[in-house]
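Residues per chain are reported as follows:
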Amino acid sequence: MEKFTLIINGKKQQVEVEPDMPLLWVLRDILSLKGTKYGCGQALCGACTVLLDDEAIRSCTFPVSEVGSQKITTVEGLSKDANHPIQKAWVEHVVPQCGYCQTGQIMNAAALLKRNPKPSEAEIESAMAGNLCRCGTYNRIKEAILTASKSY
Amino acid sequence: MIPKLPFLKSKDPEDKSKVFIPSRRDFLKISSLATGGFLLGVNFQCSGPKGNTITFAPNVYLSIDSDNLVTIIAHRSEMGTGIRTSLPMIVADELGADWTKVKIVQAEGDEEKYGDQNTDGSYSVRMFYEPMRRAGATARHMLLAAAAQKWGVDVSECRAEDGQVIHSGGKKIKFGDLVEIVRELEMPNADNITLKDFSSYKLIGKDVAIYDNLDIAIGKATFGADIDLPNMQVAIVKRSPVIGAKVISYNDAKALAIPGVNRVVKIEGSGIPPGLDKPLEGVAVIADNTWAAMKGRDALEIEWDLGPNQNYSSEKQLQEMLQSTSGNGKVRRERGNFNSARQQAGQVIEKTYLAPFYAHATMEPPTAMADYKGDGTCEIWAPTQHPQWARQAVAEALGIDYQNVKMNVTLLGGGFGRKSKPDFVVEAALLSKAAKSPVRVQWTREDDLHHDFYHAQSAQRIRAVLDKNGNLSGWNHHTVFPAIGATGNSDELHPSDGELGLGCIDFPYEVPHIRIETHESKAHTRIGWLRSVSNIHHSFAVNCMLDEVAEIKGVDPVDFLLGMLAEDKNLTFEGELKGDFGNYGEPLDKFPWNTRRLRGVIEKVAKEANWKQAIASGKSVGFAVQKSFLTYVACIVEVEKGNNGQILIPEVHYAVDCGIGVNTDRIRSQFEGGAQFAASLVLTSAITFENGKVQQNNFDGYELIRMPQAPKKTHIHLVESMEKPTGVGEPPVPPFIPAMCNAIYKLTGKRIYRLPYNG
Ligand code: FES
Ligand code: FES
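Parameters at a glance
- Residues numbered from 1 in each chain as written.
- Chains lettered and ligands numbered in written order.
- Predicted model: local features only at pLDDT ≥ 70, side-chain atom pairs only at ≥ 80, totals over all residues.
- Heavy atoms only, no water.
- Buried < 20%, exposed > 50% of the residue type's maximum accessible area, 1.4 Å probe, protein only.
- Helix = DSSP H or I, 4+ residues; strand = E, 2+ residues; numbered from the N terminus.
- Pairing = 2+ DSSP bridges.
- Contact = heavy atoms within 4.5 Å.
- Buried area = accessible area lost by both parts, 1.4 Å probe.
- Salt bridge = Lys/Arg side-chain N within 4 Å of Asp/Glu carboxyl O.
- Polar contact = N/O pair within 3.5 Å; in protein donor to acceptor, adjacent residues only side chain to side chain.
- Nonpolar A, V, L, I, M, F, W, Y, C, P; charged D, E, K, R; others polar.
- Domains from an automatic or database assignment.
- 1 Å grid on protein atoms, 1.4 Å probe; cavity = no way out; pocket = protein on both sides within 12 Å on 5 of 7 lines; lining within 4 Å.
- Points joined across faces, edges and corners; volume = space filled by probe spheres on them.
- Expected span 1.5 Å × (residues − 1).

S.K.: How should I be thinking about the pairing of strand 20 (residues 472-480) of chain B in this particular structure?
M.R.: Every regular strand shows the same layout, with side chains that alternate between the two sheet faces. Residue and element names in this part refer to chain B. Counting buried positions along strand 20 gives nine out of nine residues, so the element sits mostly inside the fold. Sheet analysis places strand 19 (residues 458-466) next to strand 20, joined by eight bridges and oriented antiparallel. When the bridges of strand 20 are listed, Ala459 appears paired with Val480. In this structure, strand 20 lies alongside strand 21 (residues 513-518), joined through six bridges in parallel fashion. Counterpart to Trp475 in the pairing with strand 21 is Ile514.

Next up, the structure:
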């Protein structure tokens, strides 16, 4: 076990865990931040997406020991009062079906708009290709991202 | 317990009346049966946070507090269809509640109290539209009576709207302020309850956002895996790699040496047949956290007796199944005399169709939390589609009465039929008992793909006979696939009547000679039901064949099918079936098989998608129609080639007749999602077995379509109808599959006889 100081959603948090523990399990099991989901454990589905500084990463394959001083943002810290443009657009388009993949989709979309505030449909499709949705909400995800991009 | 196959057997209509009992005496009786229920009877008083809140609860689905809180129970499981919104909004609309302030509470598993909770077979709205309206309307009647009494006016001068009763003279009173009076009123006689006119509904028939919309977007929605309890542990299980395999011995020393691992427990499996509600044989690693449990499992050393399925190859079996279809099978439907039609044929077209095993691959893999307490009671939190079955299976496994099992239902991160089976819930219960602490069992994605209850692989052969005039005079459909029933009874070698009623024996067209036959096949894995069940492979074969026959005849496939519907009628298949026609559990007089409605969706989709122009302009479009789960659906899919040769789906059109559309936004979302779900079945997904083991491990082996390959635009054209509402969870899938295959044929010139296309 090793001690790590993580900056999560703007707050410093100390954890004592195995250094190879993926960030996903640190968030879910140790810090009880349940918004980040497990879907595959192999960086194949995107359910576990969080932001490392401004970049979307798959937390299921990202060992806690590699986080260092980079800031982690999870869905719980994406906005105060659910007012991130992506979240607002998600609600407006009623994107979710079961909802399980959605926090990963939202975090991935937030990272996309940060680096590319006016993505084309094709750019959205390729940027979101790593995020699976078994319920099939891809149409609305795309529409919501286009809506959100208007406020960038 | 006998496995329940909801869509395969008739439902007892008595079941439905039990759920709504409009008499106070009966309500109190029902209410006292409830274990740990949260709705109190009309004469009870409960303390709310603000002191003495009193409650009016005219039935188990609804309560109104004196502080104006309207609470509606969602008693069916939310797995993405929106049912947790769509049923409560029916109650709210009839009541006249302020929907924005309604609180929805998920019911625990308790069918004695709530009625049928088995969320499966696309029948939630079909079964509960009427009872939910009555639940709301009864309360409205009573509130109006209470207000009239208070004001000394005639009840006919009062109406309920936005959470208050309004008098024609302008006086208003909030529901909560009537609770004290209304509690003392007699329940009205059911015959005196009038339901609102459809045109006056504010929610039913409209787009209503799901209740959990915001919670999901901010990460606050609670799924099965999100339950935390003090002192809980996490279990990861190594399960038998081959169905029927038994643990000979295991060494847990290395696993126990991993920090955080606390205990290793063997789970006794059911063997062969595996059963629908039993866990598989396995060894569980119980740890402080998921990561430790995963590493612990990897460190287990297990010696298996792999048993009789260790040489099983799904490809070999599929070829044998295909072979068998060339011989005579067991006849399941017979009209006219197919053989004589064949002898007088102008032409016989014979094609075979193969479809693979499919896994559900819900984005949330199975998981359940159990807290077995020393006193012989057990509390569960599970993403289950069938809480009562889970409750009974847990009770049986623990050897306790099911009344001592409290079954809390979380949100489900997808279901599609997988989470009907309680095997994973039973695992959690057994492990909690062994660990003497709350345990949440977590399936990895690999576990999910390796140990599913799969959609059965299938082989079909269809012979279509054209007579000397080129008319379709004979239809001979052979189908073979391991039956769902075989999962519980190895002697079941033929598909059941219920499975055949899903797109096979209900072939609706006017063909004078029909013979439908089945052949034997064994199950070497667990067979279950996946979104639309055997409609998946039946619709694929039947509709691809009809498209090919139309082409050979030189006619448009839409015109061809319309012509074969002849004049409008209700089909009964009487005198032709060798077994029962299930009609999805509904009597034919209540839900007739109506060819006019089938014609309606065919005509509508062709018109809305500009079918004729699309064909004329050389677009690669395919068409198919399939009624399933009592909903009529026609579909047109357009495909094109992407830059690197991959199949893209620019446009999909659906025409849908599901009777009254309750929540139109959720109807659309089911079709948008259904198209994408079905596109995976066509293009990318397949489960195969070698040496008894599943060969796909994760989403790199069992592929699902991703956003670039998903249908880009899906248009849903609803038929305006006042027919009884029917479900939409499953019906999007069956017609999409052949419509897409027929479109790919236009694009590539190659017919698809085997799914998946990319496989
Ligand atoms: S859980 Fe991390 S990508 Fe699937
Ligand atoms: S909404 Fe269910 S998996 Fe995406």
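Alright, that's what it looks like, and here's the rest.
S.K.: Explain the interface of chain A and chain B here, please?
M.R.: In this complex, chain A contributes 51 residues to the contact, which on the side of chain B involves 62 residues. Interface area, chain A with chain B, both sides summed: about 4,700 Å², of which 57% is carbon and sulfur. For chain A, the biggest contributors to the area lost against chain B are A:Tyr100, A:Arg134 and A:Tyr138; these three give 18% of the whole. For A:Lys34, the salt bridge is made with B:Asp228, and the minimal N-O distance between the two is 3.1 Å. At the boundary of chain A and chain B, one finds 29 residue pairs in polar contact (both at pLDDT 80 or more). Counted by class, the side of chain A that touches chain B contains 26 nonpolar, 14 polar and 11 charged residues.

S.K.: Whenever I open this one, the domain arrangement of chain B confuses me. Can you help?
M.R.: One widely used convention gives an interface's size as the accessible area the parts lose upon coming together. Residues and elements named next belong to chain B. Here the domain parsing of chain B yields domain 1 (18-217), domain 2 (224-308 + 366-442) and domain 3 (314-359 + 453-748). Domain 2 and domain 3 are separated by 37 Å when their C-alpha centres are compared. In this assembly, 17 residues from domain 2 lie in contact with 18 residues from domain 3. On the domain 2 side of the interface with domain 3, the three residues burying the most area are Leu276, Phe416 and Lys421, jointly 36% of the side's total. The interface formed by domain 2 and domain 3 includes one salt bridge. For Arg526, the salt bridge goes to Asp423, with nearest N and O atoms at 3.1 Å. Counting across the interface, domain 2 meets domain 3 through four residue pairs in polar contact (both at pLDDT 80 or more). Looking at side-chain class alone, the side of domain 2 that touches domain 3 contains 10 nonpolar, three polar and four charged residues.

S.K.: Before we go on, may I ask you to explain the pattern of salt bridges in this structure?
M.R.: Between side chains of opposite charge, pairing is possible as soon as their charged atoms come close. All names here are of chain B. Taken as a whole, this structure holds 56 salt bridges over all chains when the rule is applied. Arg133 serves as the salt-bridge partner of Glu94, at 4.0 Å between the closest nitrogen and oxygen. On the criterion of sequence distance, the pair formed by Glu94 in helix 3 (residues 83-95) and Arg133 in helix 5 (residues 124-151) is long-range, its members being 39 residues apart. Comparing Glu94 with Arg133, the two get one shared label, buried.

S.K.: Is there a simple way to think about the layout of surface pockets in this case?
M.R.: To locate leftover empty space, one rolls a probe as large as a water molecule over the atoms. Residue and element names in this part refer to chain B. Taken as a whole, the largest pocket holds about 500 Å³ of empty space. As for the largest pocket, its lining consists of 27 residues, and the residues nearest its centre are Arg297, Asp298, Thr444, Glu446 and Asp447. Residue assignment for the lining of the largest pocket shows that the elements contributing at least two residues are strand 8 (233-239), helix 9 (290-299), helix 14 (445-450) and strand 28 (693-694). In terms of residue count, helix 9 provides more of the lining of the largest pocket than any other element does, five residues in total.

S.K.: How do you make sense of the domain arrangement of chain A when you look at a structure like this?
M.R.: Residues and elements named next belong to chain A. Split by domain assignment, chain A resolves into domain 1 (2-74) and domain 2 (85-149). The gap between the C-alpha centroids of domain 1 and domain 2 is 21 Å. On the domain 2 side, the residues contacting the 15 residues of domain 1 number 10 residues. For the pair domain 1 and domain 2, the summed buried surface comes to about 1,100 Å²; carbon and sulfur atoms form 56% of the total. In this assembly, domain 1 and domain 2 are joined by one salt bridge. Across the salt bridge formed by Asp54 and Lys114, the nearest N and O atoms sit 3.6 Å from each other. Put simply, domain 1 and domain 2 have seven residue pairs in polar contact (both at pLDDT 80 or more) between them. When residues of the side of domain 1 that touches domain 2 are traced back to their parent elements, those giving at least two are strand 3 (49-52) and strand 4 (55-58).

S.K.: How should I be thinking about the environment of B:Phe581 in this particular structure?
M.R.: All names here are of chain B. Tracing the chain through its elements places Phe581 in the loop between strand 22 (570-571) and strand 23 (593-594). Phe581 sits in the buried class, given a relative accessible area of 18%. Each C-alpha atom of the pair Phe581 and Leu500 lies 8.6 Å from the other, and the pair is 81 residues apart in sequence.

S.K.: Please clarify how helix 3 of chain B should be interpreted in this entry.
M.R.: In an α-helix, one turn spans 3.6 residues, which is why side chains three or four residues apart end up on the same side. The end-to-end C-alpha separation of helix 3 of chain B is 18 Å, in line with the 18 Å expected for 13 residues at 1.5 Å each. Burial of helix 3 of chain B is extensive: 13 of the 13 residues sit out of reach of the surface.

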